[in-house]
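# A look at the structure
Here is how the chains run, residue by residue.
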Amino acid sequence: MYLRLFSRIFSAMAGPRPVVLTGPSGAGKSTLLKMLMKEYEGVFGFSVSHTTRDPRPGEENGKDYHYVTREKMTEGIANGEFIENAEFSGNMYGTSKASVQDVQAKNLICILDVDIQGVKNIKKTDLNPIYVSIQPPSMQILEQRLRDRQTETEESLQKRLEAARLDMELSKEPGIFDLVIINDNLEDAYGKLKDVLVDEIAKVQEANKS
Ligand SMILES: Nc1ncnc2c1ncn2[C@@H]1O[C@H](COP(=O)(O)OP(=O)(O)OP(=O)(O)O)[C@@H](O)[C@H]1O
Ligand SMILES: Nc1nc2c(ncn2[C@@H]2O[C@H](COP(=O)(O)O)[C@@H](O)[C@H]2O)c(=O)[nH]1
């Protein structure tokens, strides 16, 4: 009985567990995380990654990403400022320690949107997140969604599809994710995502009441 009580107190003190959303580019990670942040205002905080890719129309520096040069990013990595970093489709991406700390300091559920290399590297840390993989129903549908999004050149699209094949292969490792969601119908996928996060959401909502 005491053990359960201590474990409850400890888990409340430790704050909510972060969430890692991963899956091929175009699978629907950003769409789903935006839905979560909209429905649960004051519960989730996005870990703003650094990247060397150019901003897309509508993206904001400091909100979607910190857009930096390759030199700046390489320097930050060498200085130990990043929890993880990866090369994806010709650009660098990385999660800084500060981006996660900023969210956790507010006692929010920190959401990280990272590729499969990021998952493997985060597994070597003590972050202890919930790992959710968002997968497309098929490669054909993924390609169509990426084309319809109109963010890629033919060259970058092909690179992303190649990375998607590798992601799907590496994601077959047993037990690597807490949950795999096939994002076919968006509302169904969103429902499954909320279900796996229900305990962490309740923790933050409870803390917000007091
Ligand atoms: N269930 C769905 N049905 C139809 N279209 C969808 C669905 N989910 C997402 N989309 C659309 O697919 C496109 C890709 O989604 P999104 O940008 O969220 O993917 P992503 O995984 O965040 O990609 P990236 O890793 O490149 O940022 C978007 O245009 C989005 O509106
Ligand atoms: N390992 C990391 N991967 C990241 C990070 N931030 C984003 N990503 C992943 O990159 C691709 C492409 O993203 P896009 O915005 O250019 O479409 C996608 O799979 C993201 O999940 C990061 O900090 N580390």
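Residues numbered from 1 in each chain as written. Chains lettered and ligands numbered in written order. Predicted model: local features only at pLDDT ≥ 70, side-chain atom pairs only at ≥ 80, totals over all residues. Heavy atoms only, no water.

Right, let's talk about the overall build of the protein chain for a bit. Per the secondary structure count, the protein chain includes eight helices and nine strands. Taking 2.2 N^0.38 as the reference for a compact globule, 210 residues should give roughly 17 Å; the C-alpha atoms of the protein chain span a radius of gyration of 17 Å, in line with that estimate. Taken along the three principal axes of its C-alpha coordinates, the protein chain extends 60 × 40 × 35 Å. Contacts in the protein chain between residues at least 24 apart in sequence constitute 68% of all its contacts with a sequence separation of at least 6. Counting only carbon and sulfur atoms, one obtains 52% of the accessible surface of the protein chain, whose full area is about 11,900 Å². For the protein chain, the distance from the average position of its 27 positive side-chain charges to the average position of its 32 negative side-chain charges is 3 Å. (Helix = DSSP H or I, 4+ residues; strand = E, 2+ residues; numbered from the N terminus. Rg over C-alpha atoms; globule rule 2.2 N^0.38 Å. Contact = heavy atoms within 4.5 Å. Areas by Shrake-Rupley, 256 points an atom, 1.4 Å probe, with all protein chains shown as cover. Lys, Arg positive; Asp, Glu negative; His and termini not counted. Charge placed at Lys NZ, Arg CZ, Asp CG, Glu CD.)

Right, let's talk about the sheet that holds strand S6 (residues 91–96) for a bit. The strand order across the open sheet formed by four strands is S4-S3-S6-S5, and the pairing between neighbours is mixed. Lying at the two open borders of the sheet, with one neighbouring strand each, are strand S4 (65–67) and strand S5 (82–88). On average, adjacent strands in this sheet sit at an angle of 25° to one another, irrespective of strand direction. Where strand S3 (residues 49–51) meets S6, two bridges bridge the pair, whose relative direction is antiparallel. Residue pairing across strands places Thr-51 opposite Tyr-93, the latter belonging to S6. Running over the sheet, helix H3 (residues 70–78) touches S3, S5 and S6 and is turned about 40° from S6. (Pairing = 2+ DSSP bridges. Axes fitted to C-alpha atoms, helices over the stretch in contact; angles between N-to-C directions.)

What follows is about the sheet that holds strand S7 (residues 109–113). Pairing is parallel across the open sheet formed by five strands, whose spatial order is S2-S7-S1-S8-S9. The sheet terminates laterally at strand S2 (44–46) and strand S9 (179–182), the two strands that pair on one side only. Within the sheet, the average angular offset between the axes of one strand and its neighbour, ignoring direction, is 25°. Bridge analysis of strand S1 (residues 19–22) against S7 gives three bridges, and the strand direction is parallel. Paired with Val-20 across the bridge in S7 is Leu-112.

This part covers the site of ligand 2. Ligand 2 sits among 17 residues. The nearest are Ser-49, Arg-53, Tyr-65, Tyr-93 and Asp-113. Contacts to ligand 2 include Glu-84, whose side-chain N or O atom sits 2.7 Å from a nitrogen atom. Thr-95 has a polar side-chain atom sitting 3.3 Å from an oxygen atom of ligand 2. Protein chains shield 95% of the accessible area of ligand 2, which is 510 Å² for the free molecule. According to the grid-proximity analysis, the pocket containing ligand 2 is the largest pocket. Put simply, the parts of the chain that give the shell around ligand 2 at least two residues each are S5 and S6. Considering only residue class, the shell around ligand 2 consists of five nonpolar, five polar and seven charged. (Near = heavy atom within 4 Å. Polar contact = N/O pair within 3.5 Å; in protein donor to acceptor, adjacent residues only side chain to side chain. 1 Å grid on protein atoms, 1.4 Å probe; cavity = no way out; pocket = protein on both sides within 12 Å on 5 of 7 lines; lining within 4 Å. Sits in = over half its atoms within 2 Å of the grid points. Nonpolar A, V, L, I, M, F, W, Y, C, P; charged D, E, K, R; others polar.)

Attention now goes to the UniProt feature "domain: Guanylate kinase-like" (unreviewed entry) in the protein chain. With numbering matched to this structure, UniProt assigns "domain: Guanylate kinase-like" (unreviewed entry) to residues 16–198. Secondary structure across residues 16–198 comprises 42% helix and 22% strand; the distance between its end C-alpha atoms is 11 Å. (UniProt positions renumbered as here; feature names shortened; annotations may be inferred.)

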